[in-house]
Amino acid sequence: FKQINLSFRYTIMNFMDLDQRGKIQAYYIWIDGSGQGLRGKTKTMDGPIKSVDELPVWNFDGSSTDQSDGENSDVYLKPVAIFRDPFRRGDNILVMCECYTFDDKPHPTNKRSECLSVMDRVAEEHPWFGIEQEYTLYESDGITPLGWPVNGFPGPQGPYYCAVGAQNVFGRKVVEAHYRACMFAGIRIAGSNAEVMPSQWEYQVGPCEGIDMGDHLWVSRWILCRVAEEFNVVVSFDPKPKAGEWNGAGCHTNISTLKMRQDGGMAHIITAIEKMSHKQREHIEEYDPKKGEDNTRRLTGRHETASIEQFSYGVAHRGASIRIPRQCDNDGKGYFEDRRPASNCDPYSVTSRIVRTICDLD
Amino acid sequence: MDGLDGLANPFLDLPQGPNIMAMYIWIDGTGQGMRCKTRTLPNKKYTPDELPIWNFDGSSTGQADGDNSDVYLKPVAVFRDPFRRGDNILVLCETYSYEMVPNSTNKRAACVKNMERCADQHPWFGIEQEYTMFDYTGKHPYGWPKNGYPGPQGPYYCGAGSDKVKGRKIVEGHYRACLYAGVKIAGSNAEVMPSQWEYQVGPCEGISMGDHLWVSRWILCRLAEEFNVVISFDPKPIPGDWNGAGCHTNISTEAMRQDGGYDKIIEAIKLMEKKPLEHIMEYDPTGGDDNRRRLTGQHETASIDEFSYGVAHRGASIRIPRQVDNDKKGYFEDRRPSSNADPYSVTNRIVMTICLGE
């Protein structure tokens, strides 16, 4: 199998530099009915495309993605953001889309539409976000974490966080490829590191203002899954992939408004956190695709999480719901980190909920 | 096995736009492990002071508690990244606790101070880093027969031939990567035990010895990932009739390097003779426990309990190279530091004894 794979890959390379004769490939990406899966398909366009406005509304079979019934299955795809395609290169593009129903309303699974209107309402607050996306790599069977012994476990957590060495890190190739692919695509990837559980990784996207956070994060997830295909590795965004003494995976969300970033901003940070403390349940419902059910497995109060039942915050406190970074405490301004969102959360839902709370929209 | 075939990564030639990747590297709470993480920065040539101070979760590396976990990373040295190439960089860091005091595991801070105090003596160092290659389980030396042992030591030192040396690819890759990065790698050779190798870094003055050696270790472990090989810096990886691994440390001051310097060398050795325990404490990360397994008096080591020195004597604590004895000037070699020693601790202790009289 390996031999066939090698020659297949080399053969493909011969075709990827063929001239496209003035046409480009636009890969339309959308979020499916599960609220966590990504789908995509390609359309040829006259190139180059410089603005998302040049792209047509398209559509797809929603009955195949749990987004409509068979007898009224067409769901519309409205382009909302474009990025360069790091796989096809050249002028080819990735196109992030919103789903609309046949009667031109945002599809029930479309969380971006409402997020955008929220962000438009608070635009003068200039909310910035940075999300720390954690994930776990699996072997191609989708069952064994990458590099773990079959039917067994590696040594306990300790040596793996930010590690180096073949006994400590698994899948760095995927991580390196993803980082470069995101940089090329125009995703605001800010950093990456190996995580506490072996085969678990994290990358950070941001700072992004308003609706950009969700767009950049979703496309970065698509790029990750697509890169991993090249290496025959499976990506899981499950927030507690392994029960027991193994860390879960989150989407720690860092937030600030313009006032928080300016001198004296700490007072605004504390005010915002206090507002959030009164809406624990409302936030938890938006912090994974199952209204908190997924996060119940992860937010136990152990393994650097806070319990899902209780709200807490503290400076440099990784066992709290919200952490104020030490640097911000020193500077008296900056941002704060909500550690509750799960790795499979919808960043549109998360950022929208946060802004609604701290900007008093509901 | 992580199931990734050994093909080169086709994404690494993607243009990066206006940004670079900076790999921040630090030493963790064990005093021998290294950790690293990446951040994007605007592309320009950075000195350490121009790079942002960062931070990490010290509770995951034995360097802080969970409820007060942020530990700062202060850049102290910059090298070119031989894996990501282009304008990407490696950034060696010191760790600082929340009141900006050096973390208790940060041995560089004290070393820098002492190196500055004796800067006029221009202490030079060269360290011979030995290490052993293990297979991906980390339990069996790389290339050794499954469930067994190779033939006894003898034919392997500086050997050639697939029955004599294992893992030369990694050694060759590491040497080039270090040269590219700007690490002062001076040489390399296969060692006495099969699958054991050595490379030398230096001559480095003052604090740069520790910086260059730590980064060379990171490059080695990172490179070996590509080959699914684990690098061990354990000073006695296989008990029995197999050599241990050291970090023989060569030292000289300007006075020793000049004509007639031989007297200064002997003076320095005599000062070190008075402090065997103080030095042994700093020559591995466990206050001497690791070295006890290695410094037995056999296998080209001196016993941990006795201090000795001699010209060309590889069974002594300190060896004066024959060439130095001929020239009556030069340097001397302390053979006691273990392969997993912290070069900041080692060089700091040495200059305290021979340059600062402490």
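Residue numbers here run from 1 along each chain, matching the order of that chain's written sequence. By the order in which they are written, chains take letters starting at A while ligands take numbers starting at 1. Only residues with pLDDT of at least 70 are given local features in this predicted model, and only at 80 or more are side-chain atom pairs given and counted; all residues enter the totals for whole chains, interfaces and linings. The side-chain numbers reported here are obtained from all heavy atoms of the structure, hydrogens and water having been left aside.

A. Main features of the overall build of chain A. Put simply, DSSP H or I for four residues or longer makes a helix, DSSP E for two residues or longer makes a strand, and each gets a number counted from the N terminus. Each helix and strand counted, chain A has 10 helices and 13 strands in total. Just to be clear, the radius of gyration here is over C-alpha atoms, and the globule rule we use is 2.2 Å times residues to the power 0.38. Compactness check: chain A gives a C-alpha radius of gyration of 21 Å against a globular reference of 21 Å for 362 residues, within 12% of the reference. Projecting the C-alpha coordinates of chain A onto the three principal axes gives extents of approximately 60 × 50 × 40 Å. Looking at chain A residue by residue over its 362 residues, the buried ones come to 56%. In chain A, 65% of the contacts between residues at least 6 apart in sequence involve partners at least 24 apart. With an accessible surface of roughly 14900 Å², chain A has 49% of that area assigned to carbon and sulfur atoms. If the 42 positive side-chain charges of chain A are averaged to one point and the 51 negative ones to another, these points end up 3 Å apart. Here the term buried applies to any residue with accessible area under 20% of the maximum for its type, exposed to any over 50%, and partly exposed to those in between, with areas from a 1.4 Å probe on protein chains only. Contacts were defined at the residue level, with two residues in contact if any of their heavy atoms lie within 4.5 Å. To be clear on the numbers: accessible area is Shrake-Rupley with a 1.4 Å probe, and residue cover counts the displayed protein chains and nothing else. Asp and Glu are treated as the negative residues and Lys and Arg as the positive ones, with His and the ends of the chain left uncounted. Here the site of a charge means atom NZ of a Lys, CZ of an Arg, CG of an Asp or CD of a Glu.

B. Summary view of the side chain of Arg-261 of chain A. Residues and elements named next belong to chain A. Mapping Arg-261 onto the fold places it in helix α5 (residues 258-261). Nearest to the buried, unbridged Arg-261 among oppositely charged side chains is Glu-209, at 5.2 Å. When neighbours within four sequence positions are excluded, Arg-261 is seen to be in contact with His-126, Trp-128, Ser-256, Lys-333 and Gly-334. Just to be clear on terms, a salt bridge is a Lys or Arg side-chain nitrogen sitting within 4 Å of an Asp or Glu carboxyl oxygen.

C. Focus on the pattern of salt bridges. The full count for this structure, using the stated rule, is 47 salt bridges over all chains. Notably, a salt bridge pairs Arg-112 of chain A with Glu-98 of chain A, separated by 2.7 Å at the nearest N-O pair. Here the residue Arg-112 of chain A occupies a position in helix α2 (residues 112-121), and Glu-98 of chain A occupies one in strand β5 (residues 93-100), the gap between them amounting to 14 residues. Relative accessible area serves as the criterion here: at 6%, Arg-112 of chain A is assigned to the buried category. Several salt bridges converge on common partners, so that one network encompasses Arg-318, Arg-323, Glu-337 and Arg-339 of chain A together with Asp-57 and Asp-70 of chain B.

D. Quick look at the environment of Gly-244 of chain B. Residue and element names in this part refer to chain B. Structurally, the position occupied by Gly-244 is in the loop between β9 (230-232) and β10 (247-252). Residues Gly-244 and Asp-234 lie 10 residues apart in sequence; the distance between their C-alpha atoms is 8.2 Å. Apart from residues lying up to four places away in sequence, Gly-244 is in contact with Glu-130, Gln-196, Pro-235, Lys-236 and Arg-294.

E. Region of the structure containing the sheet that holds β5 of chain A. All names here are of chain A. Following DSSP output, two strands are said to pair if at least two bridges run between them. Spatially, β2-β1-β5-β4-β3 is the arrangement adopted by the 5 strands of the open sheet, whose pairing is mixed. Each edge of the open sheet carries a strand with a single partner, namely β2 (38-46) and β3 (58-61). The sheet shows a mean angle of 40 degrees between the axes of neighbouring strands, taken without regard to direction. Note: β3 against strand β4 (residues 74-84), 4 bridges, orientation antiparallel. Following the sheet pairing, Asn-59 is matched in β4 by Tyr-76. An axis is simply a line fitted to the C-alpha atoms; with a helix, the fit covers only the stretch in contact. Between two such axes, the angle follows the N-to-C directions and lies from 0 to 180 degrees. Running at roughly 115 degrees to β5, helix α4 (residues 212-230) makes contact with β1 (23-31), β2, β4 and β5 of the sheet.

F. Representation of helix α10 (residues 347-358) of chain A within the structure. Residue and element names in this part refer to chain A. Helices are assigned an expected span. That span is 1.5 Å times one less than the residue count. In a regular helix each residue adds 1.5 Å, so 12 residues correspond to 16 Å; α10 covers 16 Å between its end C-alpha atoms and thus fits that length. With 12 of its 12 residues buried, α10 lies for the most part within the structure. Within the sequence span of α10, burial applies to Pro-347, Tyr-348, Ser-349, Val-350, Thr-351, Ser-352, Arg-353, Ile-354, Val-355, Arg-356, Thr-357 and Ile-358.

G. Just the interface of chain B and chain A, in detail. Taken residue by residue, the interface counts 52 residues in chain B and 54 residues in chain A. Here the quantity called buried area is the accessible surface, traced with a 1.4 Å probe, that two parts lose on coming together, added over both. Each partner contributes to the roughly 4500 Å² buried at the junction of chain B and chain A, and carbon and sulfur atoms together form 53% of this total. If you look at where chain B meets chain A, you find 7 salt bridges. Of the charged contacts, one joins Arg-318 of chain A and Asp-57 of chain B as a salt bridge, the two residues approaching to 3.6 Å between their closest N and O atoms. Mapped by element, the contributors of at least two residues to the side of chain B that touches chain A are β1 (19-27), β2 (34-42), β3 (54-57), β4 (70-80), α3 (208-225) and β9 of chain B.

H. The packing of aromatic side chains, seen in detail. Stacked, edge-to-face and tilted are the three classes for Phe, Tyr and Trp ring pairs, Trp counted by its six-membered ring, which pair at centre distances within 6.5 Å; planes under 30 degrees apart are stacked, over 60 edge-to-face, the rest tilted. Taken as a whole and judged by the stated rule, the model has 18 aromatic pairs over all chains. Considering the side-chain rings of Tyr-24 of chain B and Trp-54 of chain B, the 5.0 Å spacing of their centres and the 80 degrees angle between planes classify their relative orientation as edge-to-face. Here Tyr-24 of chain B is found in strand β1, whereas its partner Trp-54 of chain B is found in strand β3, with 30 residues between them in sequence. Residue class for Tyr-24 of chain B comes out buried when judged on its relative accessible area of 0%. The buried category is assigned to Trp-54 of chain B, whose relative accessible area is 14%. Through successive ring pairs, a cluster of aromatic residues spans Tyr-27, Phe-87, Trp-222 and Phe-231 of chain A together with Phe-11 of chain B. Against the face of Trp-58 of chain A rests Lys-41 of chain A, its NZ or CZ located 4.0 Å from the ring centre. Counted as over-ring charges are cases with an Arg CZ or a Lys NZ within 6 Å of the ring centre that also lie within 35 degrees of the ring normal. Note that Lys-37 of chain B overlies the ring of Trp-54 of chain B, its terminal NZ or CZ placed 4.0 Å from the centroid.

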